[in-house]
Amino acid sequence: MHITLAPMEGVVDHLMRDMLTQVGGFDLCVTEFVRIVEQLMPKHVFYRICPELNNQGFTPNGVPVKVQLLGQHADWLAENAYRAIELGSHGVDLNFGCPAKTVNKSKGGAILLREPETIYKIVSAVRQAVPKDHTVSAKMRLGFDDTSLAIANAQAIADAGATSLVIHARTKVDGYKPPAYWDWIAKIKQHVNIPIVANGEIWNAQDAVNCQQQSACENIMLGRGALAMPNLAQVIKNTQQHMPWEQVKALLVQYSGYELFGDKGKYYPNRVKQWLGYLSRQYPQAEDLFMSIRRLKSADEILQHIQS
Ligand SMILES: Cc1cc2nc3c(=O)[nH]c(=O)nc-3n(C[C@H](O)[C@H](O)[C@H](O)COP(=O)(O)O)c2cc1C
């Protein structure tokens, strides 16, 4: 079984990737998306989203990292994909799943699932630009409004030459509301001939087994579940016990003590809060901590509070 750590804008940054891959069980990470407009993005944008590019695209303990791109302009996505590879990304991933209004308004993310032909154009252009020895993967939801184009979109991605496809088994309209429709992935799988990775709503080992069975996929991607239980990949792969709270707290201190964006540090307390929100699903102590820091604004105050 191959387990990928999901891209999660606003919380799965390079430090989170470092911590979770050290805890172990992950074979691949995908970055938060780089939003591509009509330009070749400056190199510093790629290094900011993916500092692992300074380490040949690996996390400190050697797990490969793949840069994710989001946008609607095939040619610009292709140029930027080439740049990501040149800088050291292990393949590139294309985001056809983001539900954010701002992103969808500018025709990026899940809204493209209304237009399989545009998706085909994007994936083909990127495939042509990226050297053959690098993978081009895509990540999609089951659709925007409904599942009527799910198979057409997956076929467009496969026909355009993508190496693999991650399917988050819900439509944009479903949002993040349970359940995830894993059986839909199995349906799609019958119509495409590239490897598929199943994603959505895996919170424990039993969910992983159910997902694998219903989706007919061996390989999975973990997002919120891995934030709620930092050793979830190990629980699933190597039947580890759940990580005790004391260990989780040590990771929290590490994460909280890190000035992620330097002078743009205002983003950083939000990341800690967001992570605590996910941890609250598994650890009551996290919920208490979240309640006590939720009004705090500065990184220092939050760190002191978490350490106390
Ligand atoms: C806060 C948040 C940010 C996300 N950011 C991204 C992103 O940048 N790119 C992407 O493809 N998916 C993104 N996703 C979707 C996740 O990668 C994943 O598909 C989704 O959370 C379902 O998996 P899960 O149930 O394991 O969390 C995001 C999800 C959340 C909750």
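Residues numbered from 1 in each chain as written. Predicted model: local features only at pLDDT ≥ 70, side-chain atom pairs only at ≥ 80, totals over all residues.

Naming follows an unreviewed UniProt entry, where the protein chain appears as tRNA-dihydrouridine(16) synthase of Paraglaciecola psychrophila 170. UniProt lists a comment for the protein chain under the heading Cofactor (unreviewed entry), and it reads "FMN". (UniProt positions renumbered as here; feature names shortened; annotations may be inferred.)

A. Spotlight on the site of the ligand. What surrounds the ligand is a group of 22 residues, the closest being Ala-6, Pro-7, Glu-9, Gly-223 and Arg-224. Secondary structure elements with two or more residues in the shell around the ligand: strand E2 (28-35) and helix H9 (224-228). (Near = placed C-beta within 6 Å. Helix = DSSP H or I, 4+ residues; strand = E, 2+ residues; numbered from the N terminus.)

B. How the structure looks around the nonpolar core. Counting 102 residues, the largest nonpolar core has Val-123 and Ile-157 as its most contacted members. Once residues within four sequence positions are removed from consideration, Val-123 is found in contact with Leu-94, Val-136, Ala-138, Ile-157, Ala-160, Gly-161 and Ala-162. (Core = buried A, V, L, I, M, F, W, Y, C linked by C-beta atoms within 7 Å. Buried ≥ 20, exposed ≤ 12 C-beta atoms within 10 Å, placed from the backbone. Contact = placed C-beta atoms within 7 Å.)

C. Structural detail: the UniProt feature "active site" (unreviewed entry) in the protein chain. The sites that carry the UniProt feature "active site" (unreviewed entry) are, in the present numbering, Cys-98. Here Cys-98 lies in the loop between strand E4 (92-96) and helix H4 (101-105). Not counting the four nearest positions on each side in its chain, Cys-98 is found in contact with Phe-33, Leu-70, Val-103, Gly-108, Gly-109 and Ala-110.

D. Spotlight on unusual backbone geometry. The omega torsion of the bond from Pro-178 to Pro-179 falls at 5 degrees, within 30 degrees of zero and hence cis. Considering the arrangement of structural elements, one finds Pro-179 in the loop between strand E6 (164-171) and helix H7 (182-189). Notably, Ala-216 is not glycine yet its phi reads approximately 60 degrees, a positive angle. Within the element layout of this structure, Ala-216 appears in the loop between helix H8 (205-215) and strand E8 (220-222). Of note, Thr-239 is a non-glycine position whose phi angle comes to about 45 degrees, a positive value. Here Thr-239 lies in the loop between helix H10 (232-238) and helix H11 (245-256). Judged by the 8 C-beta atoms lying within 10 Å of it, Thr-239 falls in the exposed class.

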